[in-house]
Amino acid sequence: MANPFNYLQFATGDQFYDRREVRKDLFSRFLSGQSNVVLYGPRRYGKSSLVAELVGDLEKAGIPCVTLDVVKVPSIDMFVSAYATKVYRRLAPVKFEFRKLGMFLKSLRPKMSLGPTGETGLSFEPSGATVGPEALTEVLDLPQKLLSGKGRAVVVFDEFQEVKDLLPNDGFERVMRSAIQSHRNVSYIFLGSRYHMLRRMFTDHNRPFYKSALTVALGKPPFEESVGFVETRFRSAGFDIPRDVAARLVAKIENIPYFVQQLGFETFRLVDEDNRKVAAGDDVERAFGRLSGLNRDLYEQQMLAFSAAQKKLLIALANEPAAEFGAAYRARHSLGLPSTVNSAKAKLVENGFIELLDGKCVLAAPFFADFLRRV
């Protein structure tokens, strides 16, 4: 039986649930070209799935979209090459005059390639030894120039916070802000998994992107909608899961969309393996235990990379989420001085292991928290 849950790819189509209002609002904004958007929230909350659905909506409405994952272009020359290639292939008019490229991209040279089935493709590579602000500006302006004031387009930058490493001293951010603020036919979506860093880029008044985009925070979906989603997925495969069991599954995984899919997948698999058609509460517990065990080697490797202070804080929060780390809390968990705890917290938050939710510090991954409670 095909498993009705999916956690290995973006959740799209009938795998996608909730986010209807924000999806509708963003679609309306981009359709009218009103704003750029930075979409932030904790990891595994469905940002990429939401954007994938939104891109599908926009493409159907005749608005072409270009998506670039910044984490895959870890140098400035790789960025300009990949971005120029993607933009040209998606936005260049069918009858675009090739010679015009020389007017748009003086710092890049085109390169023709032949695919395995005989098709030709055009890509770009830097023509000089280094890529500076002028060359970067040329590339960033390419979408607007290709549109020539006609039509609209949307560009998506995933893992956008990684641009900090492309040029020193916020250089990339300054050049990009200067370039795109004059783009009237292109809107931009910025998202990333290190959301505390991403949020600072757009809300810190000392950063170049301060107030340059509408900030949209993505929280957890309504609990009942997640429960209903689990019920619907089981039924779509001819199986059943009682509402209280579906609620147990969602609560067990703290209503985090990615993990709802993952635990749903494993729970369904156990029921199917037993040749049953109805899930029980024990299936949820068994599935959770199996998934937690599968990740044990990964978690042990992660623990080796943490400092002693970080390890202690992670174990403390796995057992007792906290809003503050007062003297009593630090004593209970042998955490040491406030400065040591705060330094460990800052690093773990920055790297996405700890989230700040409802005023408390909690571990971002329920399976990791379960692993730590078993120490």
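Computed from a prediction, not measured in an experiment: that's the story for all the values here. (Residues numbered from 1 in each chain as written. Predicted model: local features only at pLDDT ≥ 70, side-chain atom pairs only at ≥ 80, totals over all residues. Heavy atoms only, no water.)

### Focus: the overall build of the protein chain
Within the protein chain, the regular secondary structure consists of 16 helices and 9 strands. Seen through its principal axes, the protein chain has C-alpha atoms that stretch 65 × 55 × 40 Å. Of all 375 residues assigned to the protein chain, the portion counted as buried reaches 50%. For the protein chain, the share of sequence-separated contacts (at least 6 apart) that also reach a separation of at least 24 residues comes to 72%. For the protein chain, the computed accessible surface area is about 18,000 Å², with 52% contributed by carbon and sulfur atoms. Charge separation in the protein chain, taken as the distance between the mean sites of 52 positive and 43 negative side-chain charges, equals 4 Å. (Helix = DSSP H or I, 4+ residues; strand = E, 2+ residues; numbered from the N terminus. Buried < 20%, exposed > 50% of the residue type's maximum accessible area, 1.4 Å probe, protein only. Contact = heavy atoms within 4.5 Å. Areas by Shrake-Rupley, 256 points an atom, 1.4 Å probe, with all protein chains shown as cover. Lys, Arg positive; Asp, Glu negative; His and termini not counted. Charge placed at Lys NZ, Arg CZ, Asp CG, Glu CD.)

### Details of the confidence of the model for the protein chain
A low pLDDT means the predicted coordinates there should not be read in detail. For the protein chain, the mean per-residue pLDDT works out to 88, and 91% of the residues sit at or above 70. Mean pLDDT in the protein chain bottoms out at helix 4 (residues 101-104), which sits at 58, and peaks at helix 9 (residues 243-252), which reaches 97. (pLDDT = per-residue confidence, 0-100.)

### Some points on the sheet that holds strand 1 (residues 37-40)
With respect to topology, 5 strands assemble into an open sheet ordered 2-5-6-1-7, the strand pairing being parallel. Each having just a single partner strand, strand 2 (65-69) and strand 7 (214-217) make up the two edges of the open sheet. For this sheet, the mean inter-axis angle between neighbouring strands, taken without regard to orientation, is 20°. Pairing of strand 1 with strand 7, which is carried by 4 bridges, proceeds in the parallel orientation. Each bridged residue has a counterpart across the sheet, and for leucine 39 the counterpart in strand 7 is valine 216. Running at roughly 165° to strand 6 (residues 186-191), helix 2 (residues 47-60) makes contact with strand 1, strand 2, strand 5 (153-158) and strand 6 of the sheet. This element, helix 5 (residues 133-147), spans strand 5 and strand 6 of the sheet and lies at about 145° to strand 6. (Pairing = 2+ DSSP bridges. Axes fitted to C-alpha atoms, helices over the stretch in contact; angles between N-to-C directions.)

### Describing the nonpolar core
Core analysis: the largest hydrophobic core is formed by 52 residues, its most contacted members being Val230, Leu313, Leu314, Leu317 and Phe368. No other element matches the 6 residues that helix 10 (residues 257-273) contributes to this core. The contact partners of leucine 314, leaving out residues within four places of it in the chain, are Phe306, Leu348, Phe353, Ile354, Leu363, Phe368 and Leu372. With 46 residues, the next largest nonpolar core counts Ala92, Leu136, Val163 and Tyr195 among its residues. (Core = buried A, V, L, I, M, F, W, Y, C linked by side-chain atoms within 4.5 Å.)

### A closer look at helix 11 (residues 281-294)
For helix 11, with 14 residues, the first-to-last C-alpha span of 20 Å sits near the 20 Å given by 1.5 Å per residue. Inspection of helix 11 places Gly281, Asp283, Val284, Ala287, Phe288, Leu291 and Ser292 among the buried residues, and these make up the whole buried set. End-on, the buried residues of helix 11 take up no more than an arc of 165°, which puts them together on one face. Exposed residues pointing more than 90 degrees away from the buried face of helix 11 are listed as Asp282 and Leu294. Buried residues along helix 11 sit against helix 9, helix 10, helix 12 (296-305) and helix 16 (366-373). (Expected span 1.5 Å × (residues − 1). Arc of directions from axis to C-beta.)

### Quick look at the packing of aromatic side chains
On inspection of all chains with the given rule, the structure shows 31 aromatic pairs. Taken together, a centroid distance of 5.2 Å and an interplanar angle of 85° make the contact between tyrosine 258 and phenylalanine 259 edge-to-face. Phenylalanine 259 gets classed as buried once you look at its relative accessible area, which sits at 6%. Site record: aromatic cluster; members linked through ring pairs are Phe79, Tyr83, Phe157, Phe160, Phe172, Tyr188, Phe190, Phe202 and Phe209. The ring of tyrosine 258 carries the charged tip of arginine 44 above its face, separated from the ring centre by 4.2 Å. (Phe/Tyr/Trp six-rings, centres within 6.5 Å; stacked < 30°, edge-to-face > 60°. Lys NZ or Arg CZ within 6 Å of the ring centre and 35° of its normal.)

### Concerning the pattern of salt bridges
Using the criterion set out here, one finds 26 salt bridges in the structure. One salt bridge connects glutamate 266 with arginine 290, and the closest N-O pair in it is separated by 2.8 Å. Taken together, the residues span a long stretch of sequence, with glutamate 266 in helix 10 and arginine 290 in helix 11 at a distance of 24 residues. Take glutamate 266: its relative accessible area is 3%, and that puts it in the buried class. Residues arginine 296 and glutamate 300 are paired through a salt bridge, measuring 3.2 Å at the closest nitrogen-oxygen approach. One end of the pair, arginine 296, and the other, glutamate 300, are both in helix 12, 4 residues apart, so they sit about a helical turn from each other. Judged by its relative accessible area of 41%, arginine 296 is partly exposed. Here glutamate 300 falls in the partly exposed class, since its relative accessible area comes to 33%. Here the residues in one salt-bridge network are Glu224, Glu231, Arg235 and Arg243, joined through shared partners. (Salt bridge = Lys/Arg side-chain N within 4 Å of Asp/Glu carboxyl O.)

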